[in-house]
Amino acid sequence: MSSNVERKKIVSVGDEETSLGFKLAGIAEAYTVEPENAGRILKKLAEQPDLAILIVTEDVAKANITIIAKIRQQTYPVIVEVPGKKAKYEEEEDRVQELIRMALGIDID
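Residues numbered from 1 in each chain as written. Predicted model: local features only at pLDDT ≥ 70, side-chain atom pairs only at ≥ 80, totals over all residues. Heavy atoms only, no water.

Let us look at the pattern of salt bridges. Summed over the entire model, instances satisfying the criterion amount to 4 salt bridges. A salt bridge links Lys9 to Asp50, with the nearest nitrogen and oxygen atoms 3.7 Å apart. In this pair, Lys9 sits in strand β1 (residues 9-14) while Asp50 sits in the loop between α2 (39-46) and β3 (51-57), placing the two residues 41 residues apart along the sequence. A salt bridge links Arg72 to Glu81, with the nearest nitrogen and oxygen atoms 3.1 Å apart. Connected through salt bridges with shared partners, the residues Lys9, Glu29 and Asp50 form a single ionic network. (Salt bridge = Lys/Arg side-chain N within 4 Å of Asp/Glu carboxyl O. Helix = DSSP H or I, 4+ residues; strand = E, 2+ residues; numbered from the N terminus.)

The following block contains the structure:
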């Protein structure tokens, strides 16, 4: 296997509704987990050489602040925090699209 692995994978970690939404949007790996139990999954995902974007709900990010901070020290994966099922979705879509554009170099609609 080449050491220059292409980072194309997008994964989400969050509540059931958010995970379902990302699965319906075409993201194959969407983990449904309680925020306080997400640490192990986040650490494991951060080690994957093909992971470009790790989408987490705000609740998961808040409950795992130290782990998220360590992951953010790396170039990849890019962490995108999105509101969970209880939050309002206003300008979050624009922020997510911009981060995906930065990480992958492509626009999505």
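The 4 strands are arranged β2-β1-β3-β4 in an open sheet whose pairing can be described as parallel. Strands at the two margins of the open sheet, each flanked by one partner only, are β2 (29-32) and β4 (78-82). The average angle at which neighbouring strand axes cross in this sheet is 20°, direction not considered. Sheet topology note: the β3/β4 ladder contains 5 bridges and is parallel. Of the residues in β4, the one forming a bridge with Leu54 is Ile79. Helix-sheet contacts for helix α1 (residues 16-24) involve β1, β2, β3 and β4, and the interaxial angle to β2 is about 170°. (Pairing = 2+ DSSP bridges. Axes fitted to C-alpha atoms, helices over the stretch in contact; angles between N-to-C directions. Contact = heavy atoms within 4.5 Å.)

Among the secondary structure elements, Gln74 is positioned in the loop between α4 (65-72) and β4. For Gln74, a relative accessible area of 37% gives the class partly exposed. Residues Gln74 and Ala46, 28 residues apart in the sequence, show an inter-C-alpha distance of 9.1 Å. (Buried < 20%, exposed > 50% of the residue type's maximum accessible area, 1.4 Å probe, protein only.)

Both faces of the sheet carry side chains from a regular strand, because those side chains alternate between them. Counting buried residues in β1 gives 5 out of 6 residues, a clear majority hidden from the surface. Bridging between β1 and β3 involves 5 bridges; their strand directions are parallel. Paired with Ser12 across the bridge in β3 is Ile55. Taken together, β1, α1 and β2 constitute a β-α-β crossover, and its handedness is right-handed. (Right-handed = clockwise from strand over helix to strand, strands pointing away.)

The next thing to look at is the layout of surface pockets. Quantified by volume, the second largest pocket comes out at close to 210 Å³. Along the wall of the second largest pocket there are 13 residues; nearest its centre are Asp15, Val33, Glu34, Pro35 and Lys85. When residues of the lining of the second largest pocket are traced back to their parent elements, those giving at least two are α1 and α3 (58-63). Looking at the lining of the second largest pocket residue by residue, the class counts come to 3 nonpolar, 3 polar and 7 charged. (1 Å grid on protein atoms, 1.4 Å probe; cavity = no way out; pocket = protein on both sides within 12 Å on 5 of 7 lines; lining within 4 Å. Points joined across faces, edges and corners; volume = space filled by probe spheres on them. Nonpolar A, V, L, I, M, F, W, Y, C, P; charged D, E, K, R; others polar.)

The values reported here are purely geometric and, on their own, carry no functional implication.
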